[in-house]
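# Residue-level structural notes
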Amino acid sequence: TEGLATYGEDLTIASSDHAGITLRTGTGHKGTVYFSDGTSGDSEYKGSIQYDHSDDSLRLAAGGSERLRISSAGHLQLNGGTIYGDDSAAPTFTLQNTSGNNNHCRIVLGSNVGSDNGGIEFWTAGSSAATKKFSIRGNNNYIEVIGTNTLRFDDGKLNINHNSSNAYIRNTTGELIFRTATNYL
């Protein structure tokens, strides 16, 4: 019996019921299937599917390098960045550029604070820890700017700002302008 003509006929495993192949390795070792178009250098491993028992991750490689990893926790890593979901009572979805520490840029979708859930948070990396810079709250319907207390539009051409005692809106020349249909204030 042959597989897909031209591409899959060289090795076929057949059964009238379920069929499968098992690669069994030692504890902490890797099982790998390589895709090659040559007999030397990285041509011997241009693509691969690998299961690493040392961290229970599944890895896919293309062009001779790992491009996708699924961790044992179900996190999806693309070229070092991470996409993962939280299966707790308040599900979140996080995109971040590194894993393994708290100092990374990230976007959290579905964040919750107290009874407020469904928000979006934007974090930047700092010297030792990530800092939340901007959030949109779900149930409470507000936008929160953290740190400078300034919401800037068009690279600073319009600023909405609040300090400890005052709130104001200003343009780049520092003018505070209110406009109605017929008048400027």
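Structural notes, computed from the coordinates.

Calculation criteria
Residues numbered from 1 in each chain as written. Predicted model: local features only at pLDDT ≥ 70, side-chain atom pairs only at ≥ 80, totals over all residues. Heavy atoms only, no water. Helix = DSSP H or I, 4+ residues; strand = E, 2+ residues; numbered from the N terminus. Buried < 20%, exposed > 50% of the residue type's maximum accessible area, 1.4 Å probe, protein only. Contact = heavy atoms within 4.5 Å. Phe/Tyr/Trp six-rings, centres within 6.5 Å; stacked < 30°, edge-to-face > 60°. Patch = residues over 30% accessible without salt bridge, like charges linked within 9 Å, V, L, I, M, F, W, Y side chains within 5 Å. Areas by Shrake-Rupley, 256 points an atom, 1.4 Å probe, with all protein chains shown as cover. Salt bridge = Lys/Arg side-chain N within 4 Å of Asp/Glu carboxyl O.

### Brief notes about the environment of I120
With respect to the helices and strands, the residue I120 is situated in strand β9 (residues 116–124). By relative accessible area, which is 27% here, I120 ends up partly exposed. Once you skip the residues sitting within four places of it in the chain, I120 turns out to touch I107, V108, L109, S111, F134, S135 and I136.

### Side note on the packing of aromatic side chains
Applying the stated rule across the entire model yields one aromatic pair. Here the aromatic rings of F122 and F134 are separated by 5.8 Å at their centres, their planes lie at 55 degrees, and the arrangement is tilted. Of this pair, F122 sits in strand β9 while F134 sits in strand β10 (residues 131–137), and the two are twelve residues apart along the sequence. Since its relative accessible area comes to 32%, F122 is described here as partly exposed.

### Some remarks on a nonpolar patch on the surface
On the surface, L11, I13, I21, L23, V33, F35, I49, Y51, L58, L60 and I70 cluster together into a nonpolar patch covering about 990 Å² of accessible area. Among the elements of the structure, β1 (30–35), β2 (47–52) and β3 (57–62) are those that each provide at least two residues to the nonpolar patch. Note on placement: I21 falls in the segment before β1. Classification of I21 as exposed rests on a relative accessible area of 63%.

Nothing here speaks to function; it is all geometry.
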